[in-house]
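# Descriptive analysis of the structure
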Amino acid sequence: MEAVVGLLVVFLTVSCGMDTCDGRQNGAQCYGALGGTVVIQLMDNALETERYMWTKNKTQILRVRNNMVVFNLIEDRAVFIPSDGTLRINNLSRSDGGEYVLEAYKHGKRFLIQSLQLSIQAPVSSVWLTSKCLSEGEMRVSCSSQGGDSPQYSWTLDGRALTDDELLYGNNEAEIITLKQNVVGRLRCSVRNTVSDVTNSTMISSCGFTNINCTSVSGTHTPQWVHQDNIILCTGTTPPPVTRNTVGMDTCDGRQNGAQCYGALGGTVVIQLMDNALEIERYTWRKNKTQILRVRNNMVVFNLIEDRAVFIPSDGTLRINNLSRSDGGEYVLEAYKHGKRFLIQSLQLSIQAPVSSVWLTSKCLSEGEMRVSCSSQGGDSPQYSWTLDGRALTDELLYGNNEAEIITLKQNVVGRLRCSVRNTVSDVTNSMTISSCGFTYINCTSFDGTYTPQWVHQDNIILCTGTTPPPVTQNTVGQSLLICGLRTVAVILILIGISIYFVWKKKKNEKNEASNVPQMNPENSVLMVEIGSSTTYANS
């Protein structure tokens, strides 16, 4: 159980960016992570020590007397525990590095003086791997890290250290290595320093090269590494036709003067400059008077971009990898035979950023139409096209056309809507299922009783047909206000009518009473009033 607890403590210490150091030995070397925490054990037990202080460059950092901390220069981020003699410092900065001296006193005499060196290092924060296939099928892999002072590198393949049979250049402690052609598996790079250790891994496969016997011009067979696309060429049979590759590669037939070629930014382009270069004595390929490629007697004597371009004389193709904007422009090929130039032709290479992603957004409009937007990320000069259930949009469109970025569909359009965004080097699509916005085309009753066909939302169909309106909702607030106003006017008119009626009736009754009272002597007037009053109540 104690071992398990100890293991958990170690794990938590590492995961929380905490470093520990035993500073009880004079001249100890301690390390702390920039922004992290270090725990230094200065002594075994400080309870028996009368007085001690910890200084850096003669500046007191900590002073303790009779197990009471009487001074702590960095008390906002440091804690000392006398019971076990440990000092914990948080939020480490570069200025915390340096030499520290501990002095301890007992019975008024100094009995201990020892120093330690604290070094602060930035930890490694992240690691990423990048790989690149080279011209002969080797793979160059770089291990890059962010942050980290004095990083150290180590490599493993499928959990074991790389061997000489797998490494062509570099070693297990290099930042950049080159692997041989047949190396495959899980490649892992670890970057560490004294305060951190970060790893990343990637699955690597061959670059598509195979070791076979290749037929030379003289007919002899030479074993060499050949890309799978060039195996037919190597064995001496008819080369395959130039086609479009779907793995970030563009092809172009540059044999026609003035040809237009395209390449994807960061991708690869394969240009066929001629049918067969083996019979040509000398040729050059240049851009703006700068030579890019020079070949003599089927030997490449100069290649300005040899780190990312390969020329194959047997089929006259040039492959350029990792294309950049600067690769665009006009190129000129000049070929010579028997000392005379017999061919000059140009081609234009344009580099475009490919479309990386496409997403669709839709919105229902007030009359049930649907506006759909097709947005794309990346891509120079994007072109748009739409289909519904696999066919081009026709009568379904209210506004826009099949090549617009934003379209508006009619009310009754449903199905699988697809948008394609393309340019000369990419074609990306996305789709969504659309349904009606809840509108129905029915005859609506107007105020004069006539019927008008129109699109009505399903929540308003009862209102449209003239029956009892539904409860007030957000969609019927205007109609509710109108109804409420009409009802208020009606109540006021009724109240006015009732008031007028009672006023008229009161006046009529008073008139009748006045005409029915008989003439009496004054002595009997009171009695007659009482009788008259009784008569009045009876009549009423």
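About the cut-offs
Residues numbered from 1 in each chain as written. Predicted model: local features only at pLDDT ≥ 70, side-chain atom pairs only at ≥ 80, totals over all residues. Heavy atoms only, no water. Pairing = 2+ DSSP bridges. Helix = DSSP H or I, 4+ residues; strand = E, 2+ residues; numbered from the N terminus. Axes fitted to C-alpha atoms, helices over the stretch in contact; angles between N-to-C directions. Core = buried A, V, L, I, M, F, W, Y, C linked by side-chain atoms within 4.5 Å. Buried < 20%, exposed > 50% of the residue type's maximum accessible area, 1.4 Å probe, protein only. Contact = heavy atoms within 4.5 Å. Disulfide = S-S within 2.5 Å. 1 Å grid on protein atoms, 1.4 Å probe; cavity = no way out; pocket = protein on both sides within 12 Å on 5 of 7 lines; lining within 4 Å. Points joined across faces, edges and corners; volume = space filled by probe spheres on them. Nonpolar A, V, L, I, M, F, W, Y, C, P; charged D, E, K, R; others polar. Salt bridge = Lys/Arg side-chain N within 4 Å of Asp/Glu carboxyl O. pLDDT = per-residue confidence, 0-100. Patch = residues over 30% accessible without salt bridge, like charges linked within 9 Å, V, L, I, M, F, W, Y side chains within 5 Å. Areas by Shrake-Rupley, 256 points an atom, 1.4 Å probe, with all protein chains shown as cover. Phe/Tyr/Trp six-rings, centres within 6.5 Å; stacked < 30°, edge-to-face > 60°. Lys NZ or Arg CZ within 6 Å of the ring centre and 35° of its normal.

Our next topic: the sheet that holds strand β9 (residues 98-106). Pairing within the open sheet is mixed, and its six strands lie in the order β2-β10-β9-β4-β5-β6. Looking at the sheet topology across the chains shown, the edges are occupied by β2 (28-33) and β6 (68-72). Here the average twist between neighbouring strands, direction ignored, is 20°. Pairing of strand β4 (residues 51-56) with strand β5 (residues 59-65) involves six bridges; the strand directions are antiparallel. Bridge pairing in β5 links T55 to Q60.

Ranked by size, the top nonpolar core spans 25 residues in total, and within it L273, Y283, W285, F311, L318, I320 and L347 carry the most contacts. For this core, the secondary-structure elements that each account for two or more residues are β22 (259-264), β23 (268-272), β24 (282-287), β25 (290-296), β27 (309-312), β28 (317-320), β29 (329-337) and β30 (340-352). Aside from chain neighbours lying at most four places away, what touches L318 is V269, V270, I271, L273, W285, L293, A309, V310 and F311. Core analysis: the next-biggest nonpolar cluster, separate from the first, contains 24 residues, M43, V64, F80 and I89 among them.

Now for the state of the cysteines. All chains considered together, the criterion is met by four disulfides. A sulfur-sulfur separation of 1.8 Å characterises the disulfide bridge that pairs C252 with C261. Where C252 bonds to C261 through sulfur, the torsion about that S-S bond is close to -65°, and the disulfide is left-handed. Note on accessibility: C252 and C261 belong to one class, buried.

Taken in spatial order, the four strands of this open sheet run β31-β32-β36-β35, and their pairing is antiparallel. The open sheet has two edge strands with one neighbour each: β31 (355-364) and β35 (397-399). Strand-to-strand twist across the sheet, computed as the mean angle between neighbouring axes with direction ignored, equals 35°. Taken together, the two bridges between β35 and strand β36 (residues 406-409) define a ladder with antiparallel strand orientation. The residue of β36 that forms the bridge with L397 is L409.

Attention now moves to the side chain of N321. By the secondary structure assignment, N321 is in the loop between β28 and β29. Residue N321 is classed as buried on the basis of its relative accessible area of 15%. For N321, the contacting residues outside a window of four places in its chain are G267, T268 and R308.

Bringing empty space enclosed by the protein into the picture now. Here the structure, examined in full by the defined rule, presents one cavity of 30 Å³ or more. What the largest cavity holds in volume is close to 40 Å³. G368, M370, L409, K410, Q411, V413, I434, S435, S436 and C437 are the residues that line the largest cavity. Across the lining of the largest cavity, the residue classes break down as five nonpolar, four polar and one charged.

Successive residues of a regular strand alternate their side chains across the two faces of the sheet. Sheet topology note: the β24/β25 ladder contains six bridges and is antiparallel. Its bridge partner being in β25, Y283 is matched across the sheet by V295. Of the strand pairs in this sheet, β24 and β29 are connected by six bridges, and their pairing is antiparallel. Residue R282 lies in a different strand from β29, and its bridge partner there is Y336.

Pairs may arise between side chains of opposite charge once their charged atoms sit close together. In this structure the tally under the stated criterion is 11 salt bridges. A salt bridge links R110 to E103; the nearest nitrogen and oxygen atoms lie 3.3 Å apart. Between R308 and D327 there is a salt bridge, with the nearest N and O atoms lying 2.7 Å from each other. One end of the pair, R308, is in the loop between β26 (299-303) and β27; the other, D327, is in the loop between β28 and β29, with 19 residues separating them in the sequence. Residue classification places D327 among the buried residues on the basis of a relative accessible area of 7%. Here the residues in one salt-bridge network are R286, E334 and R341, joined through shared partners.

A word on the confidence of the model for the protein chain. Counting all residues, the mean pLDDT for the protein chain is 78, and 78% of those residues have values of 70 or more. When the criterion is pLDDT under 50, residues 236-247 qualifies, and its contacts beyond four places in sequence or with other chains add up to 16 contacts. Below pLDDT 50 for its whole length, residues 467-480 participates in 15 contacts with residues either more than four positions away or in separate chains.

This next bit is on the pairing of β36. Here four bridges tie strand β32 (residues 370-378) to β36, and the two strands are oriented antiparallel to one another. Pairing of M370 across the sheet is with L409, part of β36.

Looking now at a nonpolar patch on the surface. Taken together, the side chains of V491, I494, L495, I498, Y501, F502 and W504 define a hydrophobic patch exposed on the protein surface, amounting to about 750 Å² of accessible area. Mapped onto the elements, V491 comes out in helix α4 (residues 477-516). Residue classification places V491 among the partly exposed residues on the basis of a relative accessible area of 47%.

In this section: the packing of aromatic side chains. Any aromatic ring pair is given by two values, namely how distant the centres are and how the planes are angled relative to each other. Applying the stated rule across the entire model yields five aromatic pairs. One cation-aromatic arrangement involves R282 over Y336; the distance from NZ or CZ to the ring centre is 4.0 Å.

Turning our eyes to something else, we now look at the environment of V70. Its place among the elements puts V70 in strand β6. Setting aside chain neighbours within four positions, we find V70 in contact with R63, V64 and R65.

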